[in-house]
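# Coordinate analysis (summary)
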Amino acid sequence: MTTSTTSVITSAQPVLSKPLEVNVTDYRSALRKALAEGMTEDARVIILGEEVGRYGGAYAVTKGLYEHFGASRVLDTPISEAAIVGTAIGAAMTGLRPIAELMYVDFAGLAMDQIANQAAKIRYMFGGQVGVPMVLRMQGGTGRSAGAQHSQSLEAWLMHVPGLRVYMPATVSDAYYLLKAALQSDDPVMFLEHKSLYTHKGELEDDALPVGQAAVRKSGTDITLISYSRMLHRTLEAAELLAQEDNINAEVIDLRTLNPLDSETLAESVSRTGRAVVISEDTFTGSVAAELVARLQVDAFDFLEAPILRVCGEDIPIPVSPELEAAAVPDVTRIVQAARTALGSRQTTGAAH
Amino acid sequence: MTTSTTSVITSAQPVLSKPLEVNVTDYRSALRKALAEGMTEDARVIILGEEVGRYGGAYAVTKGLYEHFGASRVLDTPISEAAIVGTAIGAAMTGLRPIAELMYVDFAGLAMDQIANQAAKIRYMFGGQVGVPMVLRMQGGTGRSAGAQHSQSLEAWLMHVPGLRVYMPATVSDAYYLLKAALQSDDPVMFLEHKSLYTHKGELEDDALPVGQAAVRKSGTDITLISYSRMLHRTLEAAELLAQEDNINAEVIDLRTLNPLDSETLAESVSRTGRAVVISEDTFTGSVAAELVARLQVDAFDFLEAPILRVCGEDIPIPVSPELEAAAVPDVTRIVQAARTALGSRQTTGAAH
Amino acid sequence: MSGMSPDTTNTPDATSNKVMLELLTSMVRIRSFEERVGELFLKGQSAGTMLHLSIGEEGAAAGVGLALQEGDSFTTHHRGHGIFLARGADPNRMMAEIAGKASGYCRGKGGSMHIADMQLGHLGANAIVGGGIPTVVGAALSYKTLEQPHVSAAFFGDGALQQGILYEAMNLAALWNLPAAFICVNNQYGMGTRIDQAAASLDFTARAKAFGLTAASVSGEDARAVYQTATDLLDVARQGTPVFLEVSCYRFHGHARKDKSPYRDAGEEALGRTRDPIARARDSLIATGNLTQIQFDAIQRDADSEMDAAISFAEAAEPPTLASMFEDVYAPTATKPAPVVESWQP
Amino acid sequence: MSGMSPDTTNTPDATSNKVMLELLTSMVRIRSFEERVGELFLKGQSAGTMLHLSIGEEGAAAGVGLALQEGDSFTTHHRGHGIFLARGADPNRMMAEIAGKASGYCRGKGGSMHIADMQLGHLGANAIVGGGIPTVVGAALSYKTLEQPHVSAAFFGDGALQQGILYEAMNLAALWNLPAAFICVNNQYGMGTRIDQAAASLDFTARAKAFGLTAASVSGEDARAVYQTATDLLDVARQGTPVFLEVSCYRFHGHARKDKSPYRDAGEEALGRTRDPIARARDSLIATGNLTQIQFDAIQRDADSEMDAAISFAEAAEPPTLASMFEDVYAPTATKPAPVVESWQP
Ligand SMILES: Cc1ncc(C[n+]2csc(CCOP(=O)(O)OP(=O)(O)O)c2C)c(N)n1
Ligand SMILES: Cc1ncc(C[n+]2csc(CCOP(=O)(O)OP(=O)(O)O)c2C)c(N)n1
Ligand SMILES: [Mg+2]
Ligand SMILES: [Mg+2]
């Protein structure tokens, strides 16, 4: 009864393509390499979405794939978000491994029924008969003055839906390895990129941690700083500053995936340091950070020397003015301040929520 | 620049209707009374949604209103959730005060763009020129074996969106007073009813707490139990059991509204009792409970004698089998157990998350 | 039928007695099943009250069901028992699912509104009006990509004609020349809303044609005509032009088990119920001397005892174990979610 | 124009020089404005890069804009500068908004894609393709309910023709006989996707008609024809039959400021740019002796200096205060959100 994935079609006819060499220099090219390899290795992998083909992707992630793999593997769609996701679901149930793209995670609202009521629940509702092995690539976050409808971080919506996997790479290497892993997943993976990371430079490491394991990006003893996606980098900067200015040795953890969620690594670290700050770009109330805090204050209760603080996006829509946009999400200063508060080393003056 | 609501149309022509007497005996009739009065008092109030008119509402909340107020005030719509919400938005911007209904909160996924990208953000994006004074009535929760797509509790999605008010009455009196208040709100109110509360009996009190103030439904000194909507009643039962069996005096708080969120009342109570359990029907990960816990462990840190525990829906879709459905959401036993754990009075055996 | 020239040479069986008898038997089984679903509910044995009977719509289910071929797939709306039966479902496992039992098609997790069977190509019933429509676009894309000769058909009610997703799906299917079929079972009502209270313009084939589909409308009272039209259209779809078929019929009973349709005029309802595809098929076979009343009674008796057995099967079946609740959320290879009990010791 | 009989007696001004000059001036102002938006971007003074110029589409904006009346309202898509200008927008406040400044229409919070002005009936530009379409159904419902003689018009691109919400909105407007107008500015492309790569069937008026609307298609190169057709259609809408108008034109430049349209053939682009509504209006007025080149140059100069001033205004304008960031989330009577800083003292 609980056979995985496809029963209607038992196997695809692999028509393997020639490899497409991609030189990895940044987050974008790492993603592209994963896509290219995935398509070469498995003829069932197709890409569909708006402007993914001829245009090469709104953020150029899929550039060159259409030319290499052809129009039957890289499908430009009309502007029909709900149907894009729904089509990917049906294809995934019948033998393909689609990678659908929504140009902005902000457009998820148009497809939320297909995402949360269909993709996430099909395996369960149907008693395990079939899975939905699809990847839904989306990008979110601030950094381009793109305004309230093109700058959101909506991972908390997705993380709240049982059945969805949520991957959020912060590094070049994870962009590659997590996307490769997503293509192996028998469950629907919401793959969330950050628009301000595409040009982030870095190298491909030889290997990656398994999916579901958080990465300790910097070991430390005094306080645990937890983040993911773009905010990881600001958190690392904050840790640097804390080391230099306050002689504080912070541990920095990168979640990598929100589902699966590695509660153990977090609990171990916070139990050791006794203090923590969780940093996420999404709006404060109902943020991913809230979930982490709620777990940690149970798991590490006996070791906590201070409340676990959150540094998140403000509880406002993202304004278009570049100055206001920048102020609407966490910066290094706010992270450092929160860490100092948690360390009891400086009193804050700001209003509580 | 920041004038409220409507500039295009400055005032409606009130064509007042005769009052419709509604005798309040339960949650459903309390809602109906609020709707009837709202429509009588303000000619700008209209109702629109699927089956709200001739059929009288899928859960009979609007029964009789079509006959009384007529087809121009109570509008049956086609099955077009996105357009229903979008139409309400446009009407609210131009002089009406629409009450739109989505038959199940599970259908919000079809209208999430209109809810979260439009209704919630219009005032902000347009610099305060106009508001969206609409009410969106939806009902959620388990209790009728309605399956994975008709039983969800999605308030965490809505609470996470700045700009949306979220009201969730648990009692007959609040069903009435909060809906009346929603009709006065200049901001979009997501009004979430619970399908298992419609037949909940009770009386209309003479008055209600202001919107934004949580209600202490039972004062206590040993532990604070926090909930809202249907789970309030199970929480009150649990408090009763704790009193009888454990001689524990629990305080029970009903949030009433998730936005505005009354952090103060919660913080005061938990600082006093030193222990707390938060109970919500929505799925554990990313639940409303997580947000409350995250706040409280800051606000009451110095007083906490135990971690704040959560009792929530399991991290699974809602199964249709009545036995499984019942087991998927908190029951009195689980609440009592969590309270005992928080009180250190009994060790739990269950697995940690 | 419009928008295409029906090629009846393709469907030599359509007028044969064999096909007519097959359609009749299929319809009788469906109605017998549905009547018993109602009983299950009355006995308090169904999982919930959300039971949507397809009585009156058997012509659509049997006709299109027979026209579909092995390997084809389909999705249905919430009123999909008949279609699934017409495609070969086992009534025992169906009834058990509707009762929320472990031996049901979906282990008691899906119920009436989420029944599915990958073996028979049933990609799932759906409780979201319109929710299952784009699924068939995806399935059709698989068939085209994998060069398989199948069609995927979405069944939905007239209510879904006002859901935007239908038009997104039709456009995509037409744009990509996919073997997809959009089958609208127009039973005149969506809950209490008559179709003309939901749509300003009632020529739905015009909508489909405007999106580039081949489209036709047929009366569901005539199962043979449904079968013929569907056969022709599915042929078109198989060649890569998606199709739309409206089967008009009448919902004999209330929307769900508790609805007594107070919003319908008694006269209209009585008239509507005369649009009975079973009576029509039976009478025509008898009139042409191809069936006797005794033979019909035997068909009915066989169906009834088959469906009585399904009821007994469902009643005797075990409910799912509590542990099974945490299964099937993710692939079997993944860690299962566990009951959440936050623990702490002072 | 199809689906209605154009009643030119209603529009005596359509052919007059006054109207033609008005249209021409409006179009010249729009283009001049758009060219300067491009400059603003190049100077790094725009808020972001999401600037969608309506160059080539001035006929649609000026034509329909002039046909709308005082009290009418509208929403636009992301490429809506021209429409707003045609409805009387102040270029200074527009440019300031595009630069994200406090004196912009939306206090620097909305930018190019969310510009709005309730005084002029602009219910908002939208960055979600199709997102602003149902808004006009709601506004039209207000007008009908409150017995006001207005029309509400949604402007959108050809891309939105594949968004389901359009069909939900059209059906609702038709069902309720609302004074709503659906104006599709078909510039042949949605980003890099040519319309025939997005839609299988290109007769979009057929779609609208199938939903019960009165529909027409007109070339946006001919501003006068746009104005006439729109005037007639808006009249129909005002009587309670919603209308659909496709204005076909060509997007002269890239999708947004950074796009150089590499996906377009140079020949096609050159040809497309000959479909210039400004040149056509100017040449026809000059040819008929109703305008001299000198007069035209004056119109151009006036527009350019007005728009130069708008640039200066925007550049000199103050950015919003940080405190203003927390305003306008909720009604002014409500407590404002505050910056979240969680505090604790050991
Ligand atoms: C998206 C969505 N909206 C509303 C409902 C509630 N609902 C269930 S069935 C139904 C009527 C559907 O009518 P139709 O599509 O004609 O199917 P029928 O019931 O007539 O077979 C409605 C409104 C739903 N299940 N899903
Ligand atoms: C819902 C949604 N999907 C995708 C986008 C990204 N996007 C912005 S403009 C655009 C093309 C729109 O084309 P069209 O509607 O023809 O308008 P045009 O740009 O040609 O004026 C796309 C895909 C978006 N903003 N919103
Ligand atoms: Mg129907
Ligand atoms: Mg376009």
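Residues numbered from 1 in each chain as written. Chains lettered and ligands numbered in written order. Predicted model: local features only at pLDDT ≥ 70, side-chain atom pairs only at ≥ 80, totals over all residues. Heavy atoms only, no water.

A tally of regular secondary structure across chain A gives twelve helices and twelve strands. Along the first, second and third principal axes, the C-alpha set of chain A runs to 65 × 45 × 40 Å. Each of the 353 residues in chain A was classed as buried or not, and the buried ones make up 73%. Considering only contacts within chain A whose residues lie at least 6 apart along the sequence, 80% involve residues at least 24 apart. Accessible surface computed for chain A: about 9,500 Å², of which carbon and sulfur atoms make up 48%. Charged side chains in chain A number 29 positive and 43 negative. The centres of these two groups are separated by 3 Å. (Helix = DSSP H or I, 4+ residues; strand = E, 2+ residues; numbered from the N terminus. Buried < 20%, exposed > 50% of the residue type's maximum accessible area, 1.4 Å probe, protein only. Contact = heavy atoms within 4.5 Å. Areas by Shrake-Rupley, 256 points an atom, 1.4 Å probe, with all protein chains shown as cover. Lys, Arg positive; Asp, Glu negative; His and termini not counted. Charge placed at Lys NZ, Arg CZ, Asp CG, Glu CD.)

Not every one of the 23 residues close to ligand 1 is listed here, only the nearest: Glu 81 of chain B together with His 78, Arg 79, Ala 127 and Tyr 189 of chain C. Looking at the residues close to ligand 1, they fall on chains B and C. His 78 of chain C is positioned such that a nitrogen or oxygen atom in its side chain is 2.7 Å from an oxygen atom of ligand 1. The side chain of Asp 158 of chain C places a nitrogen or oxygen atom 2.9 Å from an oxygen atom of ligand 1. When isolated, ligand 1 has an accessible area of 570 Å², and the protein chains bury 97% of it. Looking at the shell around ligand 1, its residues break down into ten nonpolar, nine polar and four charged. (Near = heavy atom within 4 Å. Polar contact = N/O pair within 3.5 Å; in protein donor to acceptor, adjacent residues only side chain to side chain. Nonpolar A, V, L, I, M, F, W, Y, C, P; charged D, E, K, R; others polar.)

This part is about the environment of Val 341 of chain D. Within the secondary structure layout, Val 341 of chain D lies in the segment after helix H11 (293-316). In sequence terms Val 341 of chain D and Leu 161 of chain D are 180 residues apart; their C-alpha atoms lie 45 Å from each other.

Looking at the magnesium ion (ligand 4), the protein donor atoms are Asp 158 of chain D (OD), Asn 187 of chain D (OD1) and Tyr 189 of chain D (O), and they sit 2.0 to 2.1 Å from it. Read in sequence order, the donor residues coordinating the magnesium ion (ligand 4) give the pattern D-x28-N-x1-Y. (Donors = N, O, S within 2.8 Å, 3.2 Å for Na, K, Ca; no water.)

Turning to the packing of helix H3 (residues 81-93) of chain A against helix H6 (residues 164-175) of chain C, a few remarks are in order. Their axes nearest at 9 Å, the elements H3 of chain A and H6 of chain C cross at an angle of 65 degrees. Of the possible angle classes, the one that applies to H3 of chain A and H6 of chain C is roughly perpendicular. Two packed elements cross with a definite hand, and for H3 of chain A against H6 of chain C that hand is right-handed. Contacts between H3 of chain A and H6 of chain C involve Glu 81, Ala 82, Ala 83 and Thr 87 of chain A from the former and Ile 165, Glu 168, Ala 169 and Leu 172 of chain C from the latter. Counted by class, the contact of H3 of chain A with H6 of chain C contains five nonpolar, one polar and two charged residues. (Axes fitted to C-alpha atoms, helices over the stretch in contact; angles between N-to-C directions. Parallel < 35°, antiparallel > 145°, perpendicular 65-115°, else oblique. Left-handed = near helix turned anticlockwise from the far one by under 90°.)

Let us now look at the confidence of the model for chain A. Residues and elements named next belong to chain A. Mean pLDDT over chain A: 94, with 93% of residues reaching 70 or higher. By mean pLDDT, the top-scoring element of chain A is H3 (99), and the lowest-scoring one is helix H11 (residues 322-327) (96). Per-residue pLDDT stays below 50 along residues 347-353; that stretch engages in 18 contacts with residues further than four places along the chain or on separate chains. (pLDDT = per-residue confidence, 0-100.)

Residues and elements named next belong to chain C. Within the protein, the magnesium ion (ligand 3) binds to Asp 158 (OD), Asn 187 (OD1) and Tyr 189 (O); these donor distances fall in the range 2.0 to 2.1 Å. All donors of the magnesium ion (ligand 3) belong to a single chain; written as a sequence motif, their spacing is D-x28-N-x1-Y. You can call Asn 187 buried: its relative accessible area is 5%.

All right, on to the pattern of salt bridges then. For the structure shown, the criterion picks out 84 salt bridges over all chains. Among the ionic pairs, Lys 43 of chain D bridges to Glu 315 of chain D, the shortest N-O distance being 2.9 Å. Pair noted here: Lys 43 of chain D is in the loop between helix H1 (17-42) and helix H2 (58-67) and Glu 315 of chain D is in helix H11, with a separation of 272 residues, a long-range link. For Lys 43 of chain D, a relative accessible area of 47% corresponds to the partly exposed category. Via salt bridges that share partners, Lys 33, Glu 37, Glu 41 and Lys 180 of chain A belong to a single interconnected network. (Salt bridge = Lys/Arg side-chain N within 4 Å of Asp/Glu carboxyl O.)

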